[in-house]
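# Secondary and tertiary structure notes
As a plain string of letters, each chain reads:
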Amino acid sequence: MCAAKKASAVVAAAIGFALALTGCAPDPAPQAMQPAPAAPSSSAADPAATVAWMNGFCGAVKDFIDGNNKMPAAGGETVEAITKSTSDQLGHYASILGKTVDGLNALPAAPVPAADAAKTDFLGKYTAAHDKVAKAKADLDAAKRSDTAAQGRAVDGLMAAQKDAHGALDPVKAVLDSPELTKAAATAERCRP
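A short tour of the structure in this document, coming up. (Residues numbered from 1 in each chain as written. Predicted model: local features only at pLDDT ≥ 70, side-chain atom pairs only at ≥ 80, totals over all residues. Heavy atoms only, no water.)

## Considering the environment of Thr 78
Selection criterion: Numbering goes from the N terminus for both helices and strands, where a helix is a DSSP run of H or I of at least four residues and a strand is a run of E of at least two. Pairs of N or O atoms within 3.5 Å make up the polar contacts considered here, provided that, within protein, one atom can donate a hydrogen while the other can accept it, and that residues adjacent in sequence are counted only when both atoms are side-chain atoms.
If you trace the backbone, Thr 78 turns up in the loop between α2 (47-68) and α3 (79-105). Along the primary structure Thr 78 and Ser 146 are separated by 68 residues, whereas in three dimensions their C-alpha atoms are 9.2 Å apart. A distance of 3.0 Å separates the side chain of Thr 78 from the backbone nitrogen of Ala 81, its partner in a polar contact.

## Remarks on helix α4 (residues 113-142)
Here is the rule: Residue count minus one, scaled by 1.5 Å, sets the expected span of a helix. Contact criterion: two residues are considered in contact whenever any of their non-hydrogen atoms come within 4.5 Å of each other.
Counted at 1.5 Å a residue, the expected span for α4 with its 30 residues is 44 Å, and the 43 Å between its end C-alpha atoms agrees. Next to the buried residues of α4 lie α2, α3, α5 (148-166) and α6 (179-187).

## Here we look at the side chain of Ser 178
With respect to the helices, strands and loops of the structure, Ser 178 is situated in the loop between α5 and α6. Side-chain polar atoms of Ser 178 contact the side chain of Glu 180, separated by 3.1 Å. Setting aside its immediate chain neighbours within four residues, Ser 178 contacts Val 112 and Ala 114.

## A few points about the nonpolar core
So the rule is basically this: Throughout this description, the term nonpolar core refers to a set of buried Ala, Val, Leu, Ile, Met, Phe, Trp, Tyr and Cys residues connected via side-chain atoms within 4.5 Å. Each residue is assigned to one of three classes by its accessible area relative to the maximum for its type, calculated with a 1.4 Å probe on protein chains only: buried under 20%, partly exposed between the two thresholds, exposed over 50%.
Residues Met 54, Phe 64, Tyr 93 and Tyr 126 are the most contacted members of the largest nonpolar core, which totals 41 residues. Elements represented by at least two residues in this core include exactly α2, α3, α4, α5 and α6. Sorting elements by how many residues they give to this core places α4 first, with nine residues.

## Some thoughts on the state of the cysteines
A covalent bond between the sulfur atoms of two cysteines is referred to as a disulfide. Using the following cut-off: Pairs of cysteine sulfur atoms within 2.5 Å are identified as disulfides in what follows.
Taken as a whole and assessed by the stated rule, the structure comprises one disulfide. The disulfide bridge from Cys 58 ends at Cys 191, spanning 2.0 Å between sulfur atoms. The sign of the 90 degrees torsion about the S-S bond sets the Cys 58-Cys 191 disulfide as right-handed. In this pair, Cys 58 sits in helix α2 while Cys 191 sits in the segment after α6, placing the two residues 133 residues apart along the sequence. Pair check on accessibility: Cys 58 and Cys 191 agree, each one buried.

## Remarks on the pattern of salt bridges
Under the convention used in this document: By definition, a salt bridge exists where a carboxyl oxygen of Asp or Glu is found within 4 Å of a side-chain nitrogen of Lys or Arg.
Under the definition given, this model contains seven salt bridges. The partner of Arg 190 in a salt bridge is Asp 63, and the shortest N-O contact between them spans 2.5 Å. On the criterion of sequence distance, the pair formed by Arg 190 in the segment after α6 and Asp 63 in helix α2 is long-range, its members being 127 residues apart. What makes Arg 190 partly exposed here is its relative accessible area of 28%. When the shortest N-O distance is used, the salt bridge between Asp 88 and Lys 84 registers 3.0 Å. Of the two residues, Asp 88 and Lys 84 are both situated in helix α3; the distance of four residues between them amounts to about one turn of the helix. For Asp 88, a relative accessible area of 37% puts it in the partly exposed group.

Structure, rendered in structure tokens:
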């Protein structure tokens, strides 16, 4: 669980790095040296729509991180108490993953191709994590309370889900190759550290 708290710092650092990149761009050449700007093409992304999309994208990831940092503690003095606390953890994790998947699915149409690729990648990771943790919880809840092997399988399921989800903790990394998305991330409120 500590990895998620460290991941929050990583996300903040990555977002700060992206902001620094956009703030350190070289000054454009003087106007007299540049050709007249071309009329915007119909395929150019609307900057306001791109910022709104990035805000939703970063927000879904931040909400996951916030929820992950509120994971209930595992423990107990009996096998039954430990099983219940593990089931509670699995339920909490399934809930925050489900909300993250819903948040990503609720995003409007991708403003640029890189946004669609990022959404697809993140949805794949969070959906896989959700499915693993939901299965682990269902299996644990169906097992006898004294089944310590079921407890071990549940912990393995939680760890596998965390591995998938933690692969998608940095929303800015997915968009750094897109100038439109990098610029939008710099002004999107939920992308800020």
